[in-house]
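Residue-level listing of the chains:
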Amino acid sequence: MKYKTSLIGIFSAVTIWQIIAWLKIFNPIYFASPYEVIAESIKMIQGGAVFIDLTLTIYRIAVSVIISSLIGIPLGIAFGYFARIYKYVGEIVDFLRSIPPIVIYPLLLIVLGPGDSSRIGVALFGSIVVLVLIISNGLFQQAPLRRQYFASLGANKVQLVNHIVWYEALPHVMVALRTAVSLSIIIIVVTEMLVGAQYGLGTRVQNVQITSNIPDLFVTIIIIGLIGVLFNKTLICLDKKLVFWKSN
Amino acid sequence: MIEIKNLKKKFFCNGSNKSLFSGFDLVIRKSEKIGLFAPNGSGKSTLLNILAGVDKDFAGTVSIEGKRISYMHQDTNATLAPWFTCEKNILLVRKYHHLGIEKGKALLKRFVNEIEINFSLDQYPFMLSGGQRQIVALLRALIFEPDVLLLDEPFSALDIEKRAAFIEFLTKHFTNNLTVIMCSHRGDEVKSLLDRAVILEHQSETRITMDICRSKFHSKQEFEQIISKIRFKKNGHEI
Ligand SMILES: Nc1ncnc2c1ncn2[C@@H]1O[C@H](COP(=O)(O)OP(=O)(O)OP(=O)(O)O)[C@@H](O)[C@H]1O
Ligand SMILES: [Mg+2]
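What this report covers is the structure whose coordinates are included nearby. Since this is a predicted model, take the numbers as computed values, not measurements.

## Considerations on the overall build of chain A
At step 1: Within chain A, the secondary structure is distributed over eleven helices and zero strands.
At step 2: For the C-alpha atoms alone, the extent of chain A along its principal axes is close to 70 × 50 × 30 Å.
At step 3: When the 248 residues of chain A are sorted by exposure, 42% land in the buried category.
At step 4: Look at the contacts in chain A between residues 6 or more apart in sequence, and 75% of them connect residues 24 or more apart.
At step 5: Working note: accessible area of chain A is about 13,900 Å², and carbon and sulfur atoms make up 71% of it.
At step 6: Across chain A, the centroid of the 18 positively charged side chains sits 12 Å from that of the 10 negatively charged ones.

## A few points about unusual backbone geometry
At step 1: Although it is not a glycine, A:Lys24 adopts a positive phi angle of roughly 55 degrees.
At step 2: A positive phi angle is found at B:Asn6, which is not glycine, with a value near 50 degrees.
At step 3: Inspection of the secondary structure assignment puts B:Asn6 in strand 1 (residues 2-13).

## Examining the pairing of strand 5 (residues 69-72) of chain B
Residues and elements named next belong to chain B.
At step 1: Residues Ile69 and Tyr71 of strand 5 are buried on one face, and the alternating residues Ser70 and Met72, pointing to the opposite face, are buried as well.
At step 2: In terms of strand pairing, strand 5 meets strand 6 (residues 148-152) through four bridges, oriented parallel. Note that in strand 6 the partner of Ser70 across the bridge is Leu149.

## Focus: the pattern of salt bridges
Between side chains of opposite charge, pairing is possible as soon as their charged atoms come close.
At step 1: Following the criterion strictly, the structure yields 23 salt bridges over all chains and no others.
At step 2: Here A:Lys43 ties to A:Glu40 by a salt bridge, and the two come within 3.5 Å at their closest N and O atoms. Taken together, the residues A:Lys43 and A:Glu40, both in helix 2 (residues 34-47) and three residues apart, mark about one turn of the helix.
At step 3: Among the residues examined, A:Glu40 registers a relative accessible area of 8% and is labelled buried.
At step 4: Close ionic contact of B:Glu32 with B:Arg29 constitutes a salt bridge, the shortest N to O distance being 3.0 Å.

## A look at the site of ligand 1
Residues and elements named next belong to chain B.
At step 1: Taken together, 14 residues sit near ligand 1, with Lys18, Gly41, Lys44, Ser45 and Thr46 positioned nearest.
At step 2: In the environment of ligand 1, an oxygen atom lies 3.2 Å from a nitrogen or oxygen atom belonging to the backbone of Ser42.
At step 3: Taking Glu153, its side chain carries an N or O atom lying 3.2 Å from an oxygen atom of ligand 1.
At step 4: Coverage of ligand 1 by the protein chains reaches 66% of its 630 Å² of free accessible surface.
At step 5: Broken down by element, the residue count for the shell around ligand 1 peaks at three residues, all from helix 1 (residues 44-52).
At step 6: Considering only residue class, the shell around ligand 1 consists of three nonpolar, eight polar and three charged.

## A short note on the sheet that holds strand 1 of chain B
Residue and element names in this part refer to chain B.
At step 1: With antiparallel pairing, the three strands of this open sheet are ordered in space as 2-1-4. The open sheet has two free edges, formed respectively by strand 2 (16-28) and strand 4 (59-64), since each of these has just one partner strand. The sheet shows a mean angle of 30 degrees between the axes of neighbouring strands, taken without regard to direction.
At step 2: Here ten bridges tie strand 1 to strand 2, and the two strands are oriented antiparallel to one another. For Lys8, the partnering residue across the bridge sits in strand 2 and is Ser22.
At step 3: Along the sheet face, helix 1 touches strand 1, strand 2 and strand 4 and points at about 120 degrees away from the line of strand 1.

## Digging into the packing of aromatic side chains
Describing an aromatic ring pair means giving the distance of the ring centres and the angle of the ring planes.
At step 1: This model, assessed by the stated rule, comprises 21 aromatic pairs over all chains.
At step 2: Taking the centre distance of 4.7 Å and the plane angle of 45 degrees together, the rings of A:Tyr81 and A:Phe82 count as tilted.
At step 3: Take A:Phe82: its relative accessible area is 39%, and that puts it in the partly exposed class.
At step 4: With centroids separated by 5.3 Å and ring planes inclined at 75 degrees, the aromatic side chains of A:Tyr167 and B:Phe84 adopt a geometry described as edge-to-face. Taken together, the positions of A:Tyr167 in helix 8 (residues 157-194) and B:Phe84 in the loop between helix 2 (76-79) and helix 3 (86-96) put the pair across two chains.

Thresholds, definitions, all that
- Residues numbered from 1 in each chain as written.
- Chains lettered and ligands numbered in written order.
- Predicted model: local features only at pLDDT ≥ 70, side-chain atom pairs only at ≥ 80, totals over all residues.
- Heavy atoms only, no water.
- Helix = DSSP H or I, 4+ residues; strand = E, 2+ residues; numbered from the N terminus.
- Buried < 20%, exposed > 50% of the residue type's maximum accessible area, 1.4 Å probe, protein only.
- Contact = heavy atoms within 4.5 Å.
- Areas by Shrake-Rupley, 256 points an atom, 1.4 Å probe, with all protein chains shown as cover.
- Lys, Arg positive; Asp, Glu negative; His and termini not counted.
- Charge placed at Lys NZ, Arg CZ, Asp CG, Glu CD.
- Pairing = 2+ DSSP bridges.
- Salt bridge = Lys/Arg side-chain N within 4 Å of Asp/Glu carboxyl O.
- Near = heavy atom within 4 Å.
- Polar contact = N/O pair within 3.5 Å; in protein donor to acceptor, adjacent residues only side chain to side chain.
- Nonpolar A, V, L, I, M, F, W, Y, C, P; charged D, E, K, R; others polar.
- Axes fitted to C-alpha atoms, helices over the stretch in contact; angles between N-to-C directions.
- Phe/Tyr/Trp six-rings, centres within 6.5 Å; stacked < 30°, edge-to-face > 60°.

Shown next as structure tokens:
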């Protein structure tokens with residue numbers, strides 16, 4: 001049922017897009033029609049080079065998300081649980097969040113060189129700050145009764161974290177992860193566009209300046225959008241599974 | 001023994017301090033079974049929160065003797081862990097007190113048979129009705145063989161049949177050494193479980209208006225007759 005309505009929506013959007021192309025509202029040199037896009041994507045699939053770009057971009061995003069989770073989730077939980085720490089670092093984290101992550105790219109380029117590590121470094125900076133901020137703030141806002149109650153029943157600190165705090169944090173972790181993923185996608189693609197990546201979807205977009213292959217550009221943009229959708233849908237599924245007590 | 005001396009408790013709400021207790025005293029002897037009776041908002045739950053250590057924001061001295069203090073909170077929704085099954089919720093507290101889980105399972109099975117619980121404890125708390133959750137919370141309060149038991153309106157959501165079953169059950173499990181504090185609105189329900197009743201009243205502060213001990217009566221019936229008259233309506237109590 002849900003799929004049916006979504007499909008109708010997508011189909012209508014593509015139809016309107018095709019009609020706009022037919023009416024030549026925009027100059028056809030810069031505006032690819034759905035038909036051209038489909039034809040181009042078949043060509044790209046047969047050529048195969050796009051898969052290298054796609055794999056590398058997804059790899060960079062995945063590495064960023066995994067490493068930032070390993071650092072950001074425990075930090076966020078610690079800051080949120082020990083409300084006293086949160087009071088000290090809350091403003092600092094908020095300040096760091098206000099810095100557009102991309103501005104530290106030049107610095108990382110100097111320190112780490114133009115390879116993947118500087119790209120992933122920027123994504124890590126952005127994602128970790130977002131994870132820490134959302135998770136710690138979420139836990140900080142949580143009513144303390146359940147924690148206090150379980151402590152009064154005799155649970156020690158470790159048991160409290162394992163049995164209560166971790167689960168109270170989980171819904172916030174899922175929200176934070178979704179934000180971190182979209183941020184990582186933006187940062188990875190943008191840094192690919194900026195400096196020295198040989199492969200990657202960002203590089204592919206950037207190359208259009210040389211090749212002027214507009215349909216290729218359109219397909220690449222759509223692929224980047226689909227990566228976001230894929231990550232997002234996976235996380236939503238995971239959220240329903242892991243945070244089952246909330247949806248009920 | 002439980003000793004509350006010169007207890008002061010304020011709540012800060014709407015920009016002003018509201019004083020609930022200011023110099024409240026109460027002594028409860030070891031193995032006493034005491035009922036706290038008071039109308040809504042008199043501070044029964046607040047008192048139990050303080051005794052159990054859930055609420056640490058108070059002045060005065062509160063000392064409570066006991067190796068294992070068990071507290072059944074009034075809000076069962078907020079004090080059960082929705083991410084664990086009911087059985088796990090119940091048995092978990094034994095772990096906190098280094099008591100065997102296998103023995104706990106056997107004990108729980110006995111409890112379930114005695115009260116004739118007709119729903120599965122493999123469910124998660126959010127799948128249960130309010131009354132069923134209250135039963136789970138009661139079982140959790142009893143599963144780790146406490147020596148002090150604090151019960152906050154333990155039967156408020158139970159139907160008459162389950163209430164009777166639980167009162168029979170508790171009569172059996174209120175062993176000689178167990179100290180009990182139980183909050184309630186009505187004396188007639190819990191009279192057989194108690195040997196002392198304290199009636200509280202909140203005017204500008206909460207204080208004790210009546211303290212009835214079973215030892216002062218000739219017979220158990222006489223005591224229970226008095227206790228069963230305790231009940232609260234909208235405007236104060238009649239006794
Ligand atoms: N967190 C809080 N903030 C402000 N006021 C509070 C808070 N908790 C309780 N109070 C106030 O303290 C008073 C006592 O509340 P308490 O829950 O202890 O009453 P109670 O005797 O248990 O009532 P009931 O029979 O309804 O359970 C109430 O008047 C309430 O308004
Ligand atoms: Mg209460």
